[in-house]
Amino acid sequence: MEAKIEQQLEKILPEDLARAFESAYHVFQGKTEHMDDLLKHGGVLLRKAAQRFTPTQMVVGIAALAAVAVVLISRATDDDHEGEAHDVSRSDRPKIGGKR
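What counts and how
Residues numbered from 1 in each chain as written. Predicted model: local features only at pLDDT ≥ 70, side-chain atom pairs only at ≥ 80, totals over all residues. Heavy atoms only, no water. Patch = residues over 30% accessible without salt bridge, like charges linked within 9 Å, V, L, I, M, F, W, Y side chains within 5 Å. Areas by Shrake-Rupley, 256 points an atom, 1.4 Å probe, with all protein chains shown as cover. Salt bridge = Lys/Arg side-chain N within 4 Å of Asp/Glu carboxyl O. Helix = DSSP H or I, 4+ residues; strand = E, 2+ residues; numbered from the N terminus. Polar contact = N/O pair within 3.5 Å; in protein donor to acceptor, adjacent residues only side chain to side chain. Contact = heavy atoms within 4.5 Å. 1 Å grid on protein atoms, 1.4 Å probe; cavity = no way out; pocket = protein on both sides within 12 Å on 5 of 7 lines; lining within 4 Å. Points joined across faces, edges and corners; volume = space filled by probe spheres on them. Buried < 20%, exposed > 50% of the residue type's maximum accessible area, 1.4 Å probe, protein only.

Draft legend 1. Layout of a nonpolar patch on the surface. Taken together, the side chains of Ile12, Leu17, Phe21 and Phe53 define a hydrophobic patch exposed on the protein surface, amounting to about 360 Å² of accessible area. Within the element layout of this structure, phenylalanine 21 appears in helix 2 (residues 14–28).

Draft legend 2. Representation of the side chain of aspartate 16 within the structure. Along the chain, aspartate 16 turns up in helix 2. Within the structure, the side chain of aspartate 16 is placed 3.4 Å from the side chain of arginine 19, a separation counted as a polar contact. Ignoring anything within four residues of it in the chain, the contact list for aspartate 16 reads Lys11, Leu45 and Lys48.

Draft legend 3. Structural view of the layout of surface pockets. Quantified by volume, the largest pocket comes out at close to 900 Å³. Around the largest pocket, the lining is made up of 24 residues, and of these Ala20, Phe21, Ala24, Leu45 and Leu65 lie nearest the centre. Those elements giving two or more residues to the lining of the largest pocket turn out to be helix 2, helix 3 (35–52) and helix 4 (55–81). The element best represented in the lining of the largest pocket is helix 4, accounting for ten residues.

Draft legend 4. Looking closely at the environment of glutamate 22. With respect to the secondary-structure elements, glutamate 22 resides in helix 2. C-alpha of glutamate 22 to C-alpha of leucine 38: the two residues are 16 residues apart in sequence and 8.2 Å apart in space.

Draft legend 5. Structural context of the pattern of salt bridges. What the rule picks out here adds up to two salt bridges. In this structure, aspartate 16 engages arginine 19 in a salt bridge whose closest nitrogen and oxygen atoms are separated by 3.4 Å. With aspartate 16 and arginine 19 both in helix 2 and three residues apart, the pair spans about one turn of that helix. On the basis of relative accessible area, arginine 19 is assigned to the partly exposed category, the value being 38%. The partner of lysine 48 in a salt bridge is aspartate 16, with the nearest N and O atoms 2.8 Å apart. Placement of lysine 48 in helix 3 and of aspartate 16 in helix 2 is noted, with a sequence separation of 32 residues between them. One salt-bridge network, held together by shared partners, links Asp16, Arg19 and Lys48.

In structure tokens form, the structure reads like this:
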């Protein structure tokens, strides 16, 4: 009976995923006070996943998460600069068909 309860406690629950992603979202928004929560929830999720998956599956899973994070961060930084007007004219260049 006790072994069954212990085994059930080590399952990856949807709440574990939700907490980790929520903490990551807050940190991504710049709320650095949630960094401790992210480390705690991410560590719990990683510990539970390490018990369930082989080392190869863990490496591939972490690499996939890292790739997704890089894509999301690059898109977020591109969106920050989208729509900004930049003056690309140079005052030292002569205009076509005109005088300086």
